[in-house]
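# Descriptive structure summary
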Number of protein chains: 2
Amino acid sequence: MADQLRADYLGCNGHATIKTPTIDALARNGVNFTKAYCQAPVCGPSRMSFYTGRYASSHGASYNNVPLKVSEKTLGDHLRPAGYRVALVGKTHMKADAEGMERLGIDPQSSRGVLVSECGFEPFERDDGLHPDQVVSPDLAYNVYLKEKGYENHNPWHSVANSGIDEKGNLQSGWYMRNSHLAARVSEEHSETAYTTDRAIDFINDAKGQPWCLHLSYIKPHWPYIAPAPYHNMYSEKDVQPVNATCDEKENPHPVVSAFMQHNESVQFSREEARKRVIPAYMGLITQVDDHLARLIEHLKAIGEYENTVIVVTSDHGDYLGDHWLGEKELFHEESARVPLIIHDPRASADASRGSTPDLLAESIDLVPTFVELAGLEPQFHILEGLSLVPFLSEHVKPEQWRKYTVSEVDYAWRGARRTLGLRPDQTKATMITDGRWKYIDYHHFSPQLFDLESDPCEQNDLANEETCQVVCSEMERALLDWYRKRKSRVTVSDASIESNTDNADKRGFLFGYW
Amino acid sequence: MADQLRADYLGCNGHATIKTPTIDALARNGVNFTKAYCQAPVCGPSRMSFYTGRYASSHGASYNNVPLKVSEKTLGDHLRPAGYRVALVGKTHMKADAEGMERLGIDPQSSRGVLVSECGFEPFERDDGLHPDQVVSPDLAYNVYLKEKGYENHNPWHSVANSGIDEKGNLQSGWYMRNSHLAARVSEEHSETAYTTDRAIDFINDAKGQPWCLHLSYIKPHWPYIAPAPYHNMYSEKDVQPVNATCDEKENPHPVVSAFMQHNESVQFSREEARKRVIPAYMGLITQVDDHLARLIEHLKAIGEYENTVIVVTSDHGDYLGDHWLGEKELFHEESARVPLIIHDPRASADASRGSTPDLLAESIDLVPTFVELAGLEPQFHILEGLSLVPFLSEHVKPEQWRKYTVSEVDYAWRGARRTLGLRPDQTKATMITDGRWKYIDYHHFSPQLFDLESDPCEQNDLANEETCQVVCSEMERALLDWYRKRKSRVTVSDASIESNTDNADKRGFLFGYW
């Protein structure tokens, strides 16, 4: 998993200038789900959906730093019964449910407490990848590593790996977009992406001899947008694609979108100067990840594990990069909500599916049931809200029973937009539902938006107020209601248990209804 | 809380023949919420809503014996911080989340494990009130008590407290409706209702000197329908009210209602003979509860606690008793989903509200926030989905901001109706929403029902297919969608915490969007 990697910033997904040969090869030899959506276009809730296999409002961690309830089972809970070692190297954005653990008497330092605090992963190396000087941990392993390599400073993550030296010889922080063209001071081999890959290789070596599932989770190409040489100037402004933003969009925005346009990142990314400075660095960081994936694959081949390892490439959400006059993510345009999702299965059984791009809606929550099925277990579908993608790995055929809609959610209570709009923290949810053609966005307390992705793939024409589209709006609203109806909240009893306990009260002695 | 006590089987709620002088006096001197609905018309999920302050599909325990997730906070969690002792005497129908406790390493025998297993109550005396010979616990305290009183048998709960001797001198089980006219063999003073009241008095004496909240939870008038003398023949078939069931209802039922009509209890209660046999016993059990409430109140007065104690009378759901050709509960007619809800506040501050019957929709989930506010704490409204009823205790005025709709849910996966209808266990949910006039029932996989409670209070005319009612149906469907939107799943972070953490990433050093 890369962080903030837009689906369309891969060669295999049509980007004109970016170089991602490793990922392209995985797509060519695997299955590329080109209509895959994250369940929340912001790190924390998106990742909790990836890990729990459940929609954001089902797992409840609706935004960054909202603790995941202790009761939510995650990938580790589902895979460990198959004998798997389930580990993390890199970022999760998980916040532990300290209050829940305290209430239940769970010691956060105990083995169970650690799992509950780390999304169910064994934290082989947890590094959430954002370490401002104000809050950096003195024990940050990556900083210890950089200091061992001779980089001296209180916080080399910032001053070395995410800062550069400008033309005048001054130290400049990568936090500031104006510095994105500089080379990070760190040597490439010691950069975060390289280090994270090293640690993944360490884990794979360590785990040899038992089944494992590794969540290799790169912070990049997420901001701070600054890349080490040679990636810092691998791309130039000539490689930057035209912005997807129109005057009409800016002049007649939806109220919620308008409030987001007022955020700092939107104001800055609306400037062409900022796009030309930042996007080449963003692209360099992506190519760097791609190169390290090549290194990882080489390692798997060298130790004889490549033919035995399913590789999935994805991201937690996209990045507006100035499109629609917006920066960051959180709203539901394709640039933000669509994610890469490529699965490479090395086995001969997958040969028939190689290079396919199934024309259907995939979701991040599909990965847990996919992995569980790959591990040979039965997915717990009374808990899991996703579907297994395994059928697509062996054939081109589209299953008859597949989802008709995909849904993504956001809760922007923590953002300035809430204050701009004068809302309370419980009034800021929005839900996107799309059938692949129509994209309908249901804003609590505001009118909806509707886009026709077929005739308007750039999402420039909001049709929600068009007379001719009211039938579509009603249909999408009913689809949304149907989605709500089908949410899975009865998570403590399986369907199979119900089957064997149906209509049997009298057999247990409870004789109601007997004359 | 009584179990299975219909809202209209109280004198104060208009029943023509029943005698409930104690409850009537509480209503006369308190506030009688005559439009109160349970959140699920079946014991387990309804009670979990009473205890969590959350809708059934929020807490997830959708049916009897579905464990309540360990992460759900209950009344005890909310009240103990105010120094309250929060205890149970009687029934909860709670099933502990053994798998969740095992996963989190919580010892069910530990003090925390016991609270998690008992809906957060200190189990001063837990007795779920249903003890068939096949599954009765050898340690059942009520059986130990009966044996101490000289009643001999393996399971005197059944053979003594819930059985009678017929005209021929034969022992007859109260499980069978044909025996409801017999006197239970137990003497009234040793009956379940009397014993449960005794134990409540024991608790109140034990708790003297600190604030407390007691969930006094009678099993009666729930089946087995058999009462001790003199209550067994206090009412006769002359006291039985006319059945609310029409031929048209039986000939043209909704498919789900039709499937419920095929259940044993519906078939039996559709026979006038059964109603005339059972209902007098049901009424006797209610009057018995009322008499013991009088005894409890006398005790409170004797020890000087009456003026210091708020008393709430309610029930977990109703009982069809043959109305609509149905027995038991689970569906959403008034007989099933509406519950008594009377609050008596002894303080002078409540004088202005005495005898009022606020014309608004109350819900079972309102009690947790009500109790929390009465205890002087701030209700945790990021978790609680109910509203505090405290404003109604001090004045007749209707708050301007009150709910416009109330919702109740059922999941009948465990019932024979599911097999009759050919459904999977995940296809059996239904949701009722009413604004007090229109009652709309949304069945998953079936068309809805609509009743006009104003022109058709007996719910005999399903208007869902009437051309003239399609606008109302659409409005109710939109109200349901709005209800779904507002569900509270972000339970680990309070609104206040969001207020103080809004738009402050840069203050913590996360400088995104800075040039």
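Residues take numbers from 1 onward in each chain, read along the sequence in its written order. Here every chain gets a letter starting at A, and every ligand a number starting at 1, in the order they are written. The model is predicted, so local features are restricted to residues of pLDDT at least 70 and side-chain atom pairs to those at 80 or more, both for listing and for counting; the totals for chains, interfaces and linings are taken over all residues. Hydrogens and waters are ignored; side-chain quantities use all the structure's heavy atoms.

An unreviewed UniProt entry lists chain A under the name Phosphonate monoester hydrolase, with Veronia nyctiphanis as the source organism.

### What about the interface of chain A and chain B?
One frequently used descriptor of interface size is the decrease in accessible area upon assembly of the parts. In this complex, chain A contributes 77 residues to the contact, which on the side of chain B involves 78 residues. Together chain A and chain B conceal approximately 7600 Å² of surface at their shared face, both sides included; 57% is due to carbon and sulfur atoms. Here the quantity called buried area is the accessible surface, traced with a 1.4 Å probe, that two parts lose on coming together, added over both. Broken down residue by residue, the surface that chain A buries against chain B is led by A:R103, A:R485 and A:W515, which jointly contribute 13%. What counts as a salt bridge is simple: a side-chain nitrogen of Lys or Arg found within 4 Å of a carboxyl oxygen of Asp or Glu. Counting across the chain A and chain B interface gives 14 salt bridges. B:R419 serves as the salt-bridge partner of A:E499, at 3.2 Å between the closest nitrogen and oxygen. In what follows, residue pairs with any heavy atoms lying within 4.5 Å of each other are defined as contacts.

### Some remarks on helix α2 (residues 43–52) of chain A
Residues and elements named next belong to chain A. Whether a residue is buried, partly exposed or exposed follows from its accessible area with a 1.4 Å probe, protein chains only, as a fraction of its type maximum: under 20%, in between, or over 50%, in that order. Working definition: helices are DSSP H or I runs of at least four residues, strands are E runs of at least two. Numbering for both runs from the N terminus. Burial analysis of α2 places 10 of its 10 residues in the buried class, the great majority of the element. Residues of α2 that are buried: C43, G44, P45, S46, R47, M48, S49, F50, Y51 and T52. Contacts from the buried residues of α2 go to α3 (56–59), α4 (75–79), β8 (212–217), β10 (311–314) and α15 (367–374). Remark: G53 follows α2 within two positions and exhibits a positive phi of approximately 70°.

### Considering the sheet that holds strand β4 (residues 122–126) of chain A
Residues and elements named next belong to chain A. A strand pair is defined by DSSP finding two or more bridges across the two strands. Pairing within the open sheet is parallel, and its 3 strands lie in the order β4-β3-β8. Edge strands, defined here as strands with exactly one partner in the open sheet, are β4 and β8. The mean angle between the axes of side-by-side strands here comes to 15°, regardless of whether they run parallel or antiparallel. Across 6 bridges, strand β3 (residues 85–90) lies against β8 in parallel orientation. Bridge pairing links V86 to C213 in β8. Fitted lines through C-alpha atoms serve as axes, helices being fitted only where they are in contact, and the angles separating the N-to-C directions of these axes extend from 0 to 180 degrees.

### Topic: the relation of the copies chain A and chain B
These two copies of the chain differ by a rotation about an axis and a displacement along the same axis. Least-squares superposition of the copies uses the C-alpha atoms of those residues scoring a pLDDT of at least 70 in each of them. The two copies are related by a screw operation: chain A maps onto chain B through 180° of rotation and 0.0 Å of translation along the axis, at an RMSD of 0.0 Å. Between the two chains, the operation in question is that of a two-fold axis. Interface residue correspondence from chain A to chain B reaches 100%, placing this contact among same-surface, isologous pairings.

### Regarding the sheet that holds strand β13 (residues 406–411) of chain B
Sheet strands pair via backbone hydrogen bonds, and the direction of the pair is either parallel or antiparallel. All names here are of chain B. An order of β13-β14-β15-β16 is seen for the 4 strands of this open sheet, with the pairing classed as antiparallel. Every interior strand has two partners, whereas the edge strands, β13 and β16 (449–452), have only one. In this sheet, adjacent strand axes meet at a mean angle of 15° when their direction is disregarded. Where strand β15 (residues 438–443) lies against β16, 4 bridges are found, and the strand directions are antiparallel. When the bridges of β16 are listed, K439 appears paired with F451. Of the strands in this sheet, β13, β14 (429–434), β15 and β16 are in contact with helix α18 (residues 470–485), which crosses β14 at around 110°.

### Looking at the environment of A:L214
Residues and elements named next belong to chain A. By the element assignment, L214 lies in strand β8. Along the chain, L214 and D3 lie 211 residues apart, while their C-alpha atoms are 16 Å from each other. Setting aside residues no more than four positions away along its own chain, L214 makes contact with A87, L88, V89, A200, F203 and I204.

### Re the packing of aromatic side chains
Two aromatic rings, drawn from Phe, Tyr or Trp (for Trp, its six-membered ring), form a pair once their centres lie within 6.5 Å of each other, and the interplanar angle then sorts them: stacked below 30 degrees, edge-to-face above 60, tilted otherwise. Inspection of the entire model under this criterion finds 39 aromatic pairs over all chains. Among the aromatic residues, those joined into a cluster by ring pairs are A:Y55, A:W483, A:Y484, B:Y55, B:W483 and B:Y484. In this scheme, Lys NZ or Arg CZ marks a charge over a ring once it lies within 6 Å of the ring centre and within 35 degrees of the ring normal. Sitting over the ring of A:Y306, A:K301 keeps its end group 4.8 Å from the ring centre.

### A few points about helix α7 (residues 141–148) of chain B
Residues and elements named next belong to chain B. Regarding α7, the residues found buried are Y142, N143, Y145 and L146. Take α7 and look down its axis: the buried residues cluster within an arc of 155°, on one side only. Where α7 is buried, its residues meet β4 (122–126), α8 (156–161) and α9 (192–206). Throughout, the arc means that of the directions going from the helix axis to the C-beta atoms.

### Regarding the side chain of B:T74
Residues and elements named next belong to chain B. Tracing the sequence through the fold places T74 in the loop between α3 (56–59) and α4 (75–79). Residue class for T74 comes out buried when judged on its relative accessible area of 2%. Residues contacting T74, with those up to four places away along its chain left out, are Y51, T52, L68, C119 and G120.

### Notes on unusual backbone geometry
Between A:K220 and A:P221 the backbone carries a cis peptide bond, its omega angle lying at 10°. You can see A:P221 is positioned in the loop between β8 and β9 (227–228). Here the amide bond leading from B:A229 into B:P230 is cis, since omega sits at 5°, within 30 degrees of zero. Tracing the sequence through the fold places B:P230 in the loop between β9 (227–228) and α10 (247–251). Its identity as a non-glycine residue notwithstanding, A:N65 has a phi of 70°, on the positive side. Here A:N65 is to be found in the loop between α3 and α4. Under the relative-accessibility criterion, A:N65 is labelled partly exposed at 38%. For B:H324, which is not glycine, the phi dihedral falls at a positive 60°. Mapped onto the elements of the fold, B:H324 is located in the loop between β10 (311–314) and α14 (334–337).

### Brief notes about the state of the cysteines
All names here are of chain A. Defined by distance alone, a disulfide is two cysteine sulfur atoms within 2.5 Å. What the rule picks out here adds up to 0 disulfides over all chains. In this structure C458 is not part of a disulfide, and its nearest cysteine sulfur, from C247, lies 15 Å away. Taking the relative accessible area as the measure of exposure, C458 reaches 40% and is therefore partly exposed.

### Quick word on the pairing of strand β14 (residues 429–434) of chain A
All names here are of chain A. With 5 of 6 residues buried, β14 lies mostly within the body of the structure. In this sheet, β14 lies alongside strand β13 (residues 406–411) in antiparallel orientation, the contact comprising 6 bridges. Paired with T406 across the two strands is T434, which belongs to β14. Pairing of β14 with strand β15 (residues 438–443) involves 5 bridges; the strand directions are antiparallel.

### Observations regarding empty space enclosed by the protein
Definitions used for this entry: grid spacing 1 Å over protein atoms alone; cavity, a set of points where a 1.4 Å probe fits but cannot get out; pocket, an open set with protein on both sides within 12 Å along at least 5 of 7 lines; lining residue, one with an atom within 4 Å of a point. Grid points are joined across faces, edges and corners, and a volume is the space filled by probe spheres set on the points. Summed over all chains, the structure comprises 10 cavities of 30 Å³ or more. Each pocket or cavity is described by its volume, and for the largest cavity that value is around 190 Å³. Lining of the largest cavity is provided by 14 residues; of these, A:D97, B:S71, B:K73, B:V491 and B:T492 occupy positions nearest its centre. Of the residues belonging to the lining of the largest cavity, the class tally is 4 nonpolar, 3 polar and 7 charged. Computed from the structure, the second largest cavity encloses a volume of approximately 100 Å³. In terms of lining, the second largest cavity is formed by 14 residues, of which the most central are A:M177, A:W223, A:Y225, B:F512 and B:G513. When residues are grouped by polarity, Ala, Val, Leu, Ile, Met, Phe, Trp, Tyr, Cys and Pro land in nonpolar, Asp, Glu, Lys and Arg in charged, and all others, Gly among them, in polar.

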